[in-house]
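# Architecture at a glance
As a plain string of letters, each chain reads:
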Amino acid sequence: MSALLSGNVKIFADDISQLYKVFFKRYPILKLLVAKVLLYGSGNFGLSLIDEDIVLGQYTIYATNEGNIIKDGLDDKVNIGFKVQKNVFDDVLDNKDLYLSKPYKLFKFIPSLLSSIYINKHDNKGDYLKGEKVILRQGSEKDLFYLHSWYNDVELNKLAGWTEGKLSTNQLRLNLSKGFGYDPMNLIIETVAEGKPIGTIQLYDFSEMDQSCKLGIRIGDRDYWSKGYGEDAIKILLSFAFYEMDIFRVSLKLYEYNERASKCYLKCGFRYEGRTRKSAFIDGNFYDEIIMGALKSEFVSEQQKWIR
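Described below are features of the structure shown in this document. All values reported here derive from a predicted model rather than from experimental measurement. (Residues numbered from 1 in each chain as written. Predicted model: local features only at pLDDT ≥ 70, side-chain atom pairs only at ≥ 80, totals over all residues. Heavy atoms only, no water.)

### Here we look at the sheet that holds strand S2 (residues 54-64)
Strand pairing in a sheet relies on backbone hydrogen bonds. The paired strands run either parallel or antiparallel. One open sheet holds the five strands; their spatial order is S3-S2-S1-S4-S5, and the pairing between them is mixed. Because the sheet does not close on itself, it has two edges, and the strands there are strand S3 (67-72) and strand S5 (117-119). Neighbour-to-neighbour, the strand axes of this sheet turn through a mean angle of 25 degrees, independent of strand direction. Pairing of strand S1 (residues 44-51) with S2 involves eight bridges; the strand directions are antiparallel. Across the sheet, residue Phe45 finds its bridge partner in S2, namely Ile61. Most of the contacts of helix H10 (residues 296-303) go to S2, to which it runs at about 135 degrees, and overall it touches S1, S2 and S3. (Pairing = 2+ DSSP bridges. Helix = DSSP H or I, 4+ residues; strand = E, 2+ residues; numbered from the N terminus. Axes fitted to C-alpha atoms, helices over the stretch in contact; angles between N-to-C directions. Contact = heavy atoms within 4.5 Å.)

Structure, rendered in structure tokens:
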């Protein structure tokens, strides 16, 4: 992809983001025309630039907290794509200011917009996510045996910040039932090689307004500590959150004595954001709480060589 063309695609994506907001703020009822985009979209889009029947280039546009990031080629994880004719592309670049001041002039693009949309449905509800070492899947009744052990383990509970009380079978069963599409989204971590459950991982406290959520993980089987299984699970779930759920930020909390987890989170793209001193009373002592966060813009940029 030439530097000139990639730069133009970035400008086009930024212009379209502005025009989208202005147009649908003025004509909100017309959002019904793009209902499928809103239903299946994840904030990331494919763009095929076409001159009549010739494909000039294909790109993936990732909408992040720091603006659009452009990648050469189409990402197969992206659900929504657009086939844009070069004359439309050039028109938007040349006349953005006119359309911002007179959004009614954008009506002429509606027929071509509707005919340019294509949808690749990826429905992970009831399915699984696979990485190099682990699979993240919906829990089932057979997992209760493992959960009883992991969630009534004193050392594991202290790492999670609580040391009193036990979870009942009914509570564990309820947690298992909440997988893809729920808040919290609880998943079982299972090894690819043996098909063995080794822990749990969650996304929870989803905020639609802030496009954020929190992450928690527990590797219950000590035989799989410090061997990359937790790292693989976290990276899989971050990819799902950022690429398919339109999440911009994922945060977590840990305690000062959990250095192993801290190192793992750093490898996965989290960064230190704050520390509250002696704010957690655990097992008779006060400990510092450490706040870490991962941003979509940073995660995408660190995974591959992207063109901004």
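### A few points about the layout of surface pockets
Rolled over the atoms, a probe with the dimensions of a water molecule shows which regions are left empty. A volume near 1,200 Å³ is recorded for the second largest pocket. For the second largest pocket, the lining is made up of 45 residues, of which Ala160, Gly216, Ile217, Arg218 and Tyr265 are closest to its centre. Elements represented by at least two residues in the lining of the second largest pocket include exactly helix H6 (154-160), helix H7 (169-177), strand S8 (185-191), strand S9 (197-207), strand S10 (212-219), helix H8 (229-244), strand S11 (249-255) and helix H9 (259-267). Per-class residue counts for the lining of the second largest pocket are 26 nonpolar, eleven polar and eight charged. (1 Å grid on protein atoms, 1.4 Å probe; cavity = no way out; pocket = protein on both sides within 12 Å on 5 of 7 lines; lining within 4 Å. Points joined across faces, edges and corners; volume = space filled by probe spheres on them. Nonpolar A, V, L, I, M, F, W, Y, C, P; charged D, E, K, R; others polar.)

### Quick look at unusual backbone geometry
For the bond from Asp183 to Pro184, the omega torsion is 5 degrees, close enough to zero to count as cis. Structurally, Pro184 is set in the loop between H7 and S8. The phi torsion at Glu52 lies on the positive side, around 60 degrees, for a residue other than glycine. For Glu52, a relative accessible area of 64% translates into the label exposed. In this model, Gln211 sits at a positive phi of 50 degrees, which is unusual for a non-glycine residue. Relative to the helices and strands, Gln211 resides in the loop between S9 and S10. (Buried < 20%, exposed > 50% of the residue type's maximum accessible area, 1.4 Å probe, protein only.)

### Things to note about the nonpolar core
Counting 49 residues, the largest nonpolar core has Leu136, Ile234, Leu237, Leu238, Val250 and Phe270 as its most contacted members. When residues in this core are grouped by element, the largest group, ten residues, is from H8. Ala13, Phe23, Val84 and Val88 belong to the second-largest nonpolar core, a separate cluster that totals 22 residues. (Core = buried A, V, L, I, M, F, W, Y, C linked by side-chain atoms within 4.5 Å.)

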